[in-house]
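Residues per chain are reported as follows:
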Amino acid sequence: MQSNDPSSAPCPCSIIGTGSYLPERIMTNEDMSKIVDTSDEWITSRTGIKERRIAGPEQATSDLATNAALKAMEAAGVTAADIELIIVATVTPDMFFPSTACFVQKKLGATNAVCFDISAACSGFLYAMTVARQFLNSGSRKTALVIGAEKLSSLINWTDRNTCVLFGDGAGAVVMQRSDEPNPPGRVLSAVMGSDGSLTDLLKVPGGASACPITADNVGLRPNTIHMEGRETFKHAVTRMCQASEQALAIAGKTAADIDMVIPHQANARIISVIADRLGVPEEKTFINLHKYGNTSAATIPVALDEAHRSGRIKRGDVLLLVAFGGGFTWASSVMVW
Ligand code: UT7
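As the structure is a computational prediction, the values presented were derived from the model and not from experiment.

A. Structural context of the packing of helix α7 (residues 230-252) against helix α8 (residues 269-279). The geometry of α7 relative to α8 is characterised by a closest axis approach of 10 Å and an angle of 40 degrees between their N-to-C directions. Taken together, α7 and α8 sit at an angle that is classed as oblique. The crossing of α7 and α8 is right-handed. The residues of α8 that touch α7, namely those facing F234, A237, V238, M241, C242, S245 and E246, are R270, I271, V274, I275, R278 and L279. Split by residue class, the contact of α7 with α8 holds nine nonpolar, one polar and three charged.

B. Molecular detail of the nonpolar core. M241, L321, F329 and V335 are the most contacted members of the largest nonpolar core, which has 42 residues in total. Among the secondary structure elements, those contributing two or more residues to this core are β9 (187-195), α7, α8, β13 (319-326) and β14 (330-337). Considering each element in turn, this core owes the most residues, eight residues, to α7. In this structure, this core is formed jointly by two domains, domain 1 (7-178) and domain 2 (187-337), each of which donates at least three residues. With residues up to four places along the chain from it excluded, the contact list for M241 reads H265, I271, I275, V323, A324 and F325.

C. Inspection of the site of the ligand at higher detail. Near the ligand there are 24 residues, and of these T38, R46, R231, N268 and N295 occur at the shortest range. Side-chain polar atom of R46 to an oxygen atom of the ligand: 2.8 Å apart, as the coordinates give it. For the ligand, an oxygen atom lies 2.8 Å from a polar atom in the side chain of H265. About the coverage of the ligand: the protein hides 76% of its 960 Å² of free accessible area.

What counts as what
Residues numbered from 1 in each chain as written. Predicted model: local features only at pLDDT ≥ 70, side-chain atom pairs only at ≥ 80, totals over all residues. Heavy atoms only, no water. Axes fitted to C-alpha atoms, helices over the stretch in contact; angles between N-to-C directions. Helix = DSSP H or I, 4+ residues; strand = E, 2+ residues; numbered from the N terminus. Parallel < 35°, antiparallel > 145°, perpendicular 65-115°, else oblique. Left-handed = near helix turned anticlockwise from the far one by under 90°. Contact = heavy atoms within 4.5 Å. Nonpolar A, V, L, I, M, F, W, Y, C, P; charged D, E, K, R; others polar. Core = buried A, V, L, I, M, F, W, Y, C linked by side-chain atoms within 4.5 Å. Buried < 20%, exposed > 50% of the residue type's maximum accessible area, 1.4 Å probe, protein only. Domains from an automatic or database assignment. Near = heavy atom within 4 Å. Polar contact = N/O pair within 3.5 Å; in protein donor to acceptor, adjacent residues only side chain to side chain. Areas by Shrake-Rupley, 256 points an atom, 1.4 Å probe, with all protein chains shown as cover.

Okay, structure coming up:
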């Protein structure tokens, strides 16, 4: 059920550039209250979300991903030809196949890359980073593009107030590279991952794939939208994110007192607050942007990392704790030195 990355010792690969892209269209809580029986007061007090971004009908997940990737590549100073691996974490691929990563490859012209997607819901980006590290540490690839990208608006049941107010669209990307330095900036010290497939029912999109194809008979039930048992998911999220954080800190040889910034999955401000409290990290050391974007699943952590970096909230040498939880259930945590 729980697996620790065996190569968690300090490794000579690191994040050398970050980028993010959020669609222009803003949908506020006030806008939501015109669609379903909700209010700004309920959404703000129960989740911390004030608004979210919604992609245009002409934008697929790979378009959001490509925009974020271009910014990360510019920041890293690499060209499309330098990229040897593209991993996209997403639950909203452009199509069942080809992979979204292959569409990103085409849009970037990254002809030297091997490309595939990872499906681990909101933990997807940290899973993808760990997979990329294996390629880089093994020496099989030098430069990787790791992306978390979602067009969750394509999976929302806009008549279900329990879920439709929570999610948004966006993408974040990092360029990871094997380094010749023993301790490069942006290095990952530890990675913890876990899954519990006995709880698949609590958070899922039940229809639209092989288990339940969309038919003329079931289309009205909207099976191809997000279904979530919110309270149960909340409880598991808190427990698993705390456990994973403690494990990632222990493997890295750090304690909560060493943390300069927690970059948590952005699902609910109350979850983040409970985790900070349990870990003993002051709230000002938690990065929060979910008031602007809502829950963008695999995109939350790379978007937050990019914003924290570009805004100066994190600086070189800071110790970061990244932690996520999502459908599956899946969870993951990493400690980094920025
Ligand atoms: O990203 C992957 C992981 N996801 C998460 O970690 C999400 C975890 N869950 C949560 O964040 C919270 O459970 C939610 C934000 C989804 C819901 O908050 P809650 O405090 O757990 O509310 P609840 O589901 O227990 O519902 C409380 C009440 C219900 O009314 P009754 O039955 O008490 O009369 C709901 O019908 O709030 C009602 N409600 C709403 N009212 C106004 C649910 N959604 C809304 C809404 N507006 N949008």
